[in-house]
Structures are given as structure tokens and as C-alpha cells.
Amino acid sequence: MRALVMGARGAVGRVVVEELRSRGHVVTRAGRDAGKDLIGLDLTRLDLTAPEGLRTLAHLSAVHDVVINASGVETPALARCGAPAVVEISATSAYLAALRRALCEDVGGTTMSEASVGTVVTGAGLVPGLSTLLIAELDTEPGDDVDLGVVLGTGEHHGAAAVEWTAGLLGTPVHHPPEGCRIVNLRQSRRITEPSGRRRRYLRADFPDHVLLADRGVRVRSHLALSSRSATGALALAGRVPALGILLDRVPHVGSDEWLVVAQNRRTGRSRAARGRRQSWATGVLTAFAAELVAGGAARGAVTMADLTDAAAAQGRLERPDRQTVAFDHG
């Protein structure tokens, strides 16, 4: 498989490159600056924000089996790049919805290519991605309400795109929430019982599984917490005073690097959960897994991880002898 990885020097992109190459795939590393990076590896110039960026992407797509967007740049034009498959790791609900629409629309005039991509994976990492699998595998009925809780470790140095995404939540509404009314990010909270029995306070946050799984007839509400209770409290304060968002990238990285994803059905109380360490690493590994699946022709059109695989297979890819075992729980 030949893979083009955009954002190859980022926290997630580096893991994707390493994972794919370790499995024998040919990888082209792309970023905003051409030449060699600090460790002497070649980097192809590809800046999606530049006027020529989309044309460059169209040319590169013609000689690759899959394009992976780990750059943090969100453009629905990816659906028209001409690649056989695109894997998008963004967690922005409105953008993923627009990307799915763009794949379904007529091509019309475009400066990129006269052919749309064959497959777009919307959400291939931890959230969405693994979270999508856990929700899809819950025992649900149409009309059920599902709470998704995501805990991110304050001890991990998250990439610039992740920090920017979190800052983008401040003062903004959830995209098309299942309640049908305006819900502002980080201003509502809910206690969710975790596999350990702990009831943690989570803040309502616009992770996109409610959009990606809308056709399954369940109402998904997503929530975010940080591994430190005080950090979660600070995030809640920033949600009410968005001007404090400028401090997010200055917070010291102290505490745990553990993550947790838990999906719980309100009607039955049953849950599915997964936990591990290093969110960026887990996202990169799962993204590489998704790239292999779509390059093998596993599906066509706009798909989620739940259309490609199951939680057991994802667990198998995440478990490594040199890292903490990823634990999956049934409740």
C-alpha cells in the first residue's frame, strides 16, 4: 500500500508514519515545509491552506492508495482529491458532516480533480473512531439515549491541532445536538459511572459521534473530562469565560497520560469502555489500521470505523508488548 500522510510531523502523524512503515507499507510524508525535518527525513511540501495546495494534493493522490489527513486543516475539498480513499482524523462535527455531504454531491466544477474519492473514513482515531465502535456495539434500541464520556490525560503533551480543537469549543454550540435546541459546549455537566465504579464529572462537548451514528436511531451525547479534577474545573470555567482559552496551551503537562472512553446506555445502564495510555499514540495506530482497511476495499462511500471493523480488532491493534495493555470493559 502507498500512503500519503499529511501532517506527518505532528503528534499523531508521526505515529501513523511509524506504524505504517513498520507494517511494510510505502509512506510519503507531507507537511507545510519541503526538504528534510530535524531528524533528517524527507518531507514533501503540501500546504492545504496555500493557493496551490489542493492542486498538489490532486497530483499526489493519483499515485497513492490512501490519503491520511493528520494536518489539522479541515476542508471538504478532500472529497474531490481523486484518491481511492481518504482517512480523516478530525473530531469536528460540522466539518465531518460537510465532508460526508461533499462526497455525495455532484462533482461540478473543481480545481482539483474530476473524480471524487472512493471512500472517506470520517473519524478514525480514538474519538471518533474507537468511541464509534463502542457505541455501535452497545445493546441499543431505536430512541435510546447514549452518553459518551472521554477522559484525556493532563500529563500528555497534545499536538497543536488538539489544543486548537479544544479552544474552538469555548463559547460555541454543539453541532446539531440530539435535543434539537442550542447547547453550548462545556457549560453542562453530567456524572458518568466508569468501569472502576467512580462517578466522574464530565462536561458536554461536541465530539461528532452523534452525527456519524445518526442513522442508527440512537441519541448520542458526548462529554469530556480531564484526568485531573482541577483541570476539568478550569476547563468548565473557560467554557463560561472563553477569553481564558488563550491559556490552554500554557497549562503544564503534569499528571497522568491515561485516557478513557466509556459509552453508556441510559435505558439499560449497560456500558462499554476502553482505557489505555497516550491518546496521540492510540489515535495514530487506529488511523493506520483504518488506512489498511479502506485500501483493501473494505467499504465504499462515507464510512465510520463501525462500518469497517469491531472493537475486538481495534483492541488487537492497540495491544503491544512494550506498552501498557489496553483494557476493554463490559458493564
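Trainee: Please explain the overall build of the protein as it appears in this structure.
Mentor: Looking only at helices and strands, the protein has nine helices and 15 strands in total. Evaluated residue by residue, the protein yields a buried proportion of 54% over its 331 residues. Accessible area for the protein stands at about 14,300 Å²; split by element, carbon and sulfur atoms hold 50% of it.

Trainee: Just to check I follow, could you spell out the environment of R300 for this structure?
Mentor: Looking at where R300 falls in the secondary structure, it is placed in the loop between α8 (279-295) and β14 (301-303). A relative accessible area of 68% places R300 in the exposed class. Put simply, R300 and V117 are 183 residues apart on the chain and 9.2 Å apart in space, counted from C-alpha to C-alpha. Apart from the residues lying within four places of it in its own chain, the contact partners of R300 are G118 and T119.

Trainee: Help me understand the nonpolar core, please; the structure alone is not making it clear to me.
Mentor: One broad rule of soluble globular proteins: the nonpolar side chains tend to lie buried together. Grouped together as the largest cluster of nonpolar side chains are 69 residues, with contacts concentrated most on V87 and L130. With nine residues, α8 is the single largest residue contributor to this core. Those residues in contact with V87 that sit more than four places away from it in its chain are V66, V67, I68, N69, V121, A124, T287, A290, A291 and V294.

Trainee: How do you make sense of the confidence of the model for the protein when you look at a structure like this?
Mentor: Do not read the predicted coordinates in detail wherever pLDDT is low. Looking at the protein, the pLDDT average stands at 88 and 89% of residues meet or exceed 70. Residue range residues 106-114 is modelled with pLDDT below 50. Its contacts to residues more than four positions away, or to other chains, number 17 contacts.

Trainee: Could you clarify how one ought to interpret the side chain of D147 in this entry?
Mentor: With respect to the helices and strands, D147 occurs in strand β8 (residues 145-152). There is a polar contact of 2.7 Å between the side chain of D147 and the side chain of R266.

Trainee: Help me understand the environment of V262 in this model?
Mentor: Tracing the backbone through its elements, the reader meets V262 in strand β12 (residues 258-265). Residues V262 and I192 lie 70 residues apart in sequence; the distance between their C-alpha atoms is 8.6 Å. Ignoring anything within four residues of it in the chain, the contact list for V262 reads D147, L148, G149, I192, T193, Y202, S271, R272 and A273.

Trainee: Sorry if this is basic, but what is going on with helix α1 (residues 13-22) here?
Mentor: Those residues of α1 lying buried are G13, V15, V16, V17, E19 and L20. Contact partners of the buried residues in α1: β1 (2-6), β2 (26-31), β5 (66-69), α8 and α9 (311-318). Downstream of α1 by one or two residues, G24 has phi in the positive range, about 90 degrees.

Trainee: Mind showing me how you'd approach the packing of α1 against α8 here?
Mentor: Between two packed helices, both the angle of their axes relative to each other and the distance between the axes serve to describe the pair. Running from amino to carboxyl end, α1 crosses α8 at an angle of 50 degrees, the nearest separation of the two axes being 8 Å. In terms of their interaxial angle, α1 and α8 are classed as oblique. Of the two elements, α1 crosses α8, and the hand of that crossing is right-handed. Contacts between α1 and α8 involve V15, V16, E19 and L20 from the former and S280, W281, G284, V285, T287, A288 and E292 from the latter. Tallied by class, residues from the contact of α1 with α8 come to six nonpolar, three polar and two charged.

Trainee: Help me understand the side chain of S222, please; the structure alone is not making it clear to me.
Mentor: When you line up the elements, S222 lands in strand β11 (residues 219-226). Judged by relative accessible area, S222 falls into the buried class, the value being 3%. Not counting residues up to four positions away in its chain, the partners in contact with S222 are L148, L203, R204, A205 and F207.

Trainee: Is there a simple way to think about the packing of α8 against α9 in this case?
Mentor: The geometry of α8 relative to α9 is characterised by a closest axis approach of 10 Å and an angle of 120 degrees between their N-to-C directions. When the axes of α8 and α9 are compared, the pair comes out oblique. Of the two elements, α8 crosses α9, and the hand of that crossing is right-handed. Residue-level inspection shows W281, A282, V285, L286, F289 and E292 of α8 in contact with α9, the latter providing A313, A314, R317 and L318. Its residues placed into classes, the contact of α8 with α9 shows eight nonpolar, no polar and two charged.

About the thresholds
- Residues numbered from 1 in each chain as written.
- Predicted model: local features only at pLDDT ≥ 70, side-chain atom pairs only at ≥ 80, totals over all residues.
- Heavy atoms only, no water.
- Helix = DSSP H or I, 4+ residues; strand = E, 2+ residues; numbered from the N terminus.
- Buried < 20%, exposed > 50% of the residue type's maximum accessible area, 1.4 Å probe, protein only.
- Areas by Shrake-Rupley, 256 points an atom, 1.4 Å probe, with all protein chains shown as cover.
- Contact = heavy atoms within 4.5 Å.
- Core = buried A, V, L, I, M, F, W, Y, C linked by side-chain atoms within 4.5 Å.
- pLDDT = per-residue confidence, 0-100.
- Polar contact = N/O pair within 3.5 Å; in protein donor to acceptor, adjacent residues only side chain to side chain.
- Axes fitted to C-alpha atoms, helices over the stretch in contact; angles between N-to-C directions.
- Parallel < 35°, antiparallel > 145°, perpendicular 65-115°, else oblique.
- Left-handed = near helix turned anticlockwise from the far one by under 90°.
- Nonpolar A, V, L, I, M, F, W, Y, C, P; charged D, E, K, R; others polar.

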